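Each chain, letter by letter, is given below.
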Amino acid sequence: MSENTTPTTQTERKKRVFSGIQPTGVFTLGNYIGAIRNWDKLQADYDCLYSIVNLHAITVRQDPQALKKNTLSSYALILACGIDPQKSIAFIQSHVPTHSQLAWVLNCYTQFGELSRMTQFKDKSAKYADNINAGLFTYPSLMAADILLYGTDLVPVGADQKQHLELARDIANRFNGIYGNVFTVPDGIIPKSNEGARVMSLQDPTKKMSKSDTNTKSFVSILDEPNTIIKKFKGAVTDSEASVHYGEGKDGINNLMGIYSALTSKTFDEIEDEFRGKGYGDFKVAVGEVVCEELKPIQDRYKELMTDKAYLEKCYREGAEKAEAISHRIMNKVNKKVGFID
Ligand code: AQP
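Residues numbered from 1 in each chain as written. Predicted model: local features only at pLDDT ≥ 70, side-chain atom pairs only at ≥ 80, totals over all residues. Heavy atoms only, no water.

Novice: Any chance you could break down the environment of Gln22 for me, citing the residues and the numbers?
Specialist: By secondary structure assignment, the location of Gln22 is in the loop between strand E1 (16-21) and helix H1 (29-42). A residue is classified by how much of its surface remains accessible, and Gln22, at 12% relative accessible area, is buried. Placed 49 residues apart in sequence, Gln22 and Thr71 show a C-alpha to C-alpha distance of 8.2 Å. Once you skip the residues sitting within four places of it in the chain, Gln22 turns out to touch Phe27, Val53, His56, Ala57, Lys124, Tyr139 and Lys211. Only 3.2 Å separates the side chain of Gln22 from the side chain of Tyr139, close enough to count as a polar contact. (Helix = DSSP H or I, 4+ residues; strand = E, 2+ residues; numbered from the N terminus. Buried < 20%, exposed > 50% of the residue type's maximum accessible area, 1.4 Å probe, protein only. Contact = heavy atoms within 4.5 Å. Polar contact = N/O pair within 3.5 Å; in protein donor to acceptor, adjacent residues only side chain to side chain.)

Written out as structure tokens, the structure reads:
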């Protein structure tokens, strides 16, 4: 997958960016570093759509009250992380019915074998063995619909979503191969590994950090209090070598170095120099401190936004209207191509 992030000149149409996040809990540091932090940066040069993807969230059983609450707080969180509803279109997925409509059509152009190979499906069906529903299986076709519905050029995601993005490209190419140029084939924007493409669990650094992990010590939530953050980093699983350097078999330290590097822009060599002769204890506290510093303004803004529900509602309603209006162009084209009467 190429990473074509050259912005367009002023006379051309700005390239379009789409990304989404599930309201399955408070966002983790992984969601922030791997995805949302980059959403903010793209707003200046691109035409961006960002969505709270609650249709995706129900592929795993959700408590309805908790889902409602998490959807609103996730929306407030993306604004707190810098998404400006005047610059970008920020909306809730279920408010724009064309997502489900296109997903159904794309399901019919996606192969069983392709979906069976998705590692997220394998992981989640092992984790939720009592609820391996069809939605969990066809999650990537809905994700393809989210992206293709807007003629998206670029999709900023963490490395864990790369496989789904490649499938979206395959589906677009297949559909275009049959019906002509309907969909734009999107490129991914995936951070480099030292920029937090895949932030790992603090308790099992061979697994990615996830907001739905039942072990709360395994992730840092972006709303965690500073003392909780420091405590979680102090308790992070590392090796017994006690020397801060990047290397094989040092998944825990590699992960902490990745986080520190992503937030300070220091290279791994610089980090090794900074902590030469110091123990893991000092390093863990230093990582915790930069994380607290990064999250403080977001937490303050989030608290402020949550006191103004009317403002949030105005933003997500307007966002949905704008998104739906754009989506009709491609949805109508698809309907016509497959032979649905207007
Ligand atoms: N650990 C991670 N490191 C880097 N990026 C990550 N992302 C998720 N986890 C990491 C990126 O965050 C964006 C939103 O993810 P999502 O909520 O839509 O789904 P997910 O990838 O399944 O995230 P979680 O936190 O693991 O959610 P649950 O626990 O509900 O499954 C995506 O761009 C993703 O790459």
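Novice: Go over the side chain of Ser73, please, and point to the residues and values.
Specialist: Tracing the backbone shows Ser73 in helix H3 (residues 64-80). Beyond its immediate sequence surroundings of up to four residues, Ser73 is in contact with Tyr302 and Met306.

Novice: Which residues make up the pairing of strand E2 (residues 47-52), and what are the values?
Specialist: Among the six residues of E2, five are classified as buried, and the element is accordingly described as predominantly covered. The pairing of E1 with E2 spans six bridges and is classified as parallel. Its bridge partner lying in E2, Ser19 is registered against Tyr50. (Pairing = 2+ DSSP bridges.)

Novice: I'd like to hear about H3, residue by residue, with values.
Specialist: With 17 residues, H3 extends 24 Å between its outermost C-alpha atoms, agreeing within 8% with the 24 Å of an ideal straight helix rising 1.5 Å per residue. A positive backbone phi angle near 115 degrees is found at Gly82, which sits one or two residues after H3. (Expected span 1.5 Å × (residues − 1).)

Novice: Any details on the layout of surface pockets? Residues and values, ideally.
Specialist: In this structure, the largest pocket spans a volume of roughly 1100 Å³. Contributing to the lining of the largest pocket are 46 residues, with Gln120, Asp160, Gln161, Lys208 and Ser210 lying nearest its centre. Each residue belonging to the lining of the largest pocket can be placed in one class, and the counts come to 17 nonpolar, 18 polar and eleven charged. (1 Å grid on protein atoms, 1.4 Å probe; cavity = no way out; pocket = protein on both sides within 12 Å on 5 of 7 lines; lining within 4 Å. Points joined across faces, edges and corners; volume = space filled by probe spheres on them. Nonpolar A, V, L, I, M, F, W, Y, C, P; charged D, E, K, R; others polar.)

Novice: Break down the nonpolar core for me, citing the residues and quoting the values.
Specialist: Ranked by size, the top nonpolar core spans 62 residues in total, and within it Tyr75, Ile78, Leu79, Phe233, Ile259, Phe283 and Val291 carry the most contacts. Here the element with the most residues in this core is helix H12 (residues 280-306); it accounts for twelve residues. Residues in contact with Val291, not counting those within four places in the same chain, are Leu29, Val220, Ile229, Phe233, Ile259 and Leu263. Of all hydrophobic cores here, the second largest spans 43 residues; its members include Ile89, Phe91, Tyr109 and Tyr128. (Core = buried A, V, L, I, M, F, W, Y, C linked by side-chain atoms within 4.5 Å.)

Novice: Explain empty space enclosed by the protein residue by residue, including any values.
Specialist: Within this structure, the stated rule accounts for one cavity of 30 Å³ or more. If you add up the space inside the largest cavity, you get close to 60 Å³. What lines the largest cavity is Pro85, Gln86, Ser88, Ile89, Ala90, Cys315, Glu318, Gly319 and Lys322. When contributions to the lining of the largest cavity are tallied by element, the ones reaching two or more residues are strand E3 (89-92) and helix H13 (309-338). Per-element tally for the lining of the largest cavity: the top contributor is H13, with four residues. Of the residues in the lining of the largest cavity, the class split is four nonpolar, three polar and two charged.

Novice: With reference to specific residues and values, describe the pairing of E1.
Specialist: The buried fraction of E1 amounts to five of the six residues, a majority that puts the element mostly inside the structure. Each parallel crossover has a hand, and the one from E1 via H1 to E2 is right-handed. (Right-handed = clockwise from strand over helix to strand, strands pointing away.)

Novice: Outline the pattern of salt bridges, supporting the account with residue identities and numerical values.
Specialist: Taken as a whole, this structure holds 15 salt bridges when the rule is applied. Its salt-bridge partner being Glu241, residue Lys250 comes within 3.0 Å of it at the nearest N-O pair. Using a relative accessible area of 3% as the deciding quantity, one classes Lys250 as buried. When the shortest N-O distance is used, the salt bridge between Asp300 and Lys296 registers 2.7 Å. Of this pair, Asp300 and Lys296 both sit in helix H12, separated by four residues, roughly a single helical turn. Judged by its relative accessible area of 46%, Lys296 is partly exposed. (Salt bridge = Lys/Arg side-chain N within 4 Å of Asp/Glu carboxyl O.)

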